[in-house]
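Coordinate inspection notes
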Amino acid sequence: MNHYDIQKRILDVFAECSVFSFPVDCTSLLEHYGYTLHTYQELGRKNKALYEMCISYSEEAFRDGAHRIIAYNQDKSPLRIRFSLAHELGHHILGHKNETRHNEIEANFFAGNLLAPRMAIYYARCQNARDVSFIFQISEEAAQIAYEDYLRWHEELLLRERRMTALERDMYYHFYRAEQDCFVWNVKTCDFCGATLYNSYENHCRGCELPKERPLRSDTPALSDILFSDDMERFRRMEARWLSPIL
Ligand SMILES: [Zn+2]
Ligand SMILES: [Zn+2]
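Residues numbered from 1 in each chain as written. Chains lettered and ligands numbered in written order. Predicted model: local features only at pLDDT ≥ 70, side-chain atom pairs only at ≥ 80, totals over all residues. Heavy atoms only, no water.

Here the focus is the overall build of the chain. Along the backbone of the chain there are 12 helices and 7 strands. Classification of the 247 residues of the chain by burial places 45% in the buried group. (Helix = DSSP H or I, 4+ residues; strand = E, 2+ residues; numbered from the N terminus. Buried < 20%, exposed > 50% of the residue type's maximum accessible area, 1.4 Å probe, protein only.)

Interaxial distance between helix α8 (residues 129-136) and helix α9 (residues 140-159) falls to 8 Å at its minimum, and their mutual angle equals 115°. In this structure, α8 crosses over α9, and the sense of that crossing is right-handed. Contacts between α8 and α9 involve A129, R130, V132 and S133 from the first element and E140, A143, Q144, A146 and Y147 from the second. Among the residues making up the contact of α8 with α9, the classes are represented as 5 nonpolar, 2 polar and 2 charged. (Axes fitted to C-alpha atoms, helices over the stretch in contact; angles between N-to-C directions. Left-handed = near helix turned anticlockwise from the far one by under 90°. Contact = heavy atoms within 4.5 Å. Nonpolar A, V, L, I, M, F, W, Y, C, P; charged D, E, K, R; others polar.)

To continue, consider the coordination of the zinc ion (ligand 1). Bound to the zinc ion (ligand 1) on the protein side are H87 (NE2), H91 (NE2), E104 (OE) and E104 (OE), at distances that span 2.1 to 2.5 Å. Note that the zinc ion (ligand 1) binds 4 donor atoms; their angles at the metal cover 53 to 123°, and the shape is irregular. Read from N- to C-terminus, the donor residues coordinating the zinc ion (ligand 1) fall into the pattern H-x3-H-x12-E. Of this pair, H87 and H91 both sit in helix α5 (residues 78-93), 4 residues apart, which is roughly one turn of that helix. Take H91: its relative accessible area is 1%, and that puts it in the buried class. (Donors = N, O, S within 2.8 Å, 3.2 Å for Na, K, Ca; no water. Tetrahedral: all angles 85-135°; square planar, octahedral: opposite > 155°, others 65-115°.)

Take the coordination of the zinc ion (ligand 2) next. The protein atoms donating to the zinc ion (ligand 2) are C190 (SG), C193 (SG), C205 (SG) and C208 (SG), with metal-donor distances spanning 2.2 to 2.3 Å. Geometry at the zinc ion (ligand 2) is tetrahedral, judged from the 4 donor atoms that bind it and their angles of 104 to 115° at the metal. Taken in sequence order, the residues that donate to the zinc ion (ligand 2) follow the motif C-x2-C-x11-C-x2-C. Of the two residues, C193 is situated in the loop between β6 (187-189) and β7 (196-198) and C208 in the loop between β7 and α11 (223-226); the sequence distance between them amounts to 15 residues.

Here the focus is α8. With 6 of 8 residues buried, α8 lies mostly within the body of the structure. If you check which residues of α8 are buried, you get A129, D131, V132, S133, I135 and F136. Residue Q137 follows α8 closely and has a positive phi angle near 55°.

Let us look at the sheet that holds strand β3 (residues 69-72). Strand order in the open sheet formed by 3 strands is β1-β3-β2, and the pairing between neighbours is mixed. Each edge of the open sheet is held by one strand with a lone partner, namely β1 (36-39) and β2 (61-64). Averaged over all neighbouring strand pairs, the angle between strand axes comes to 20°, with direction disregarded. Strand direction decides the pairing type here: β1 and β3, joined by 4 bridges, are parallel. Looking across to β3, one finds that L37 is bridged to I70. Each of β1, β2 and β3 is contacted by α5, which is oriented at about 25° to β2, the strand it contacts most. (Pairing = 2+ DSSP bridges.)

This is the structure in structure tokens:
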């Protein structure tokens, strides 16, 4: 299956599962497709041999498509687990019957693009892999791959002035919200007043000050620097070109 077809399947998942915000909740996507999730550790408490079997099969995760069961290794970092779950969802959505090298590459491409679509990286205005890791909640390693791929896509689109494909257009309109008049990659509520926040890098609205005793997050990425930067006009011009009709 080529990249275009895999991306088409990803958009189908977003539509089917009403995904309108990042980071994607992998657990609920798998549950939507009828999967029950278990940890290796939980299986091991019931049956030690089962744990040994899982871990010898894969350090990360294991899928039984026939019984719609996914088991994953809880000892891995949360970001790695998210990627593993998205990878297993990829095998399901792409109809893989076995774990050939080719299928592994496809499932990884699926996972990387499901968790951090290139267009969402663009609209989230990520400046580096660290931003991608922070916003889309993927490991720095996965973020590096996604960011480099995004740069290639971005260059082709904006510097060489390629127009949107039909699929990109569908993707754009899936995430477009008329009331915001933009591509929305994140929706959350303010920690303090409960107001709905769109495309915010913070967990509180601008009107709600952080209490003094609460230290500012130390890992704030470069995003804060560009958040209210004055290049919005330039950004809008680029967007107008990018949205112009398909040739
Ligand atoms: Zn796999
Ligand atoms: Zn607020």
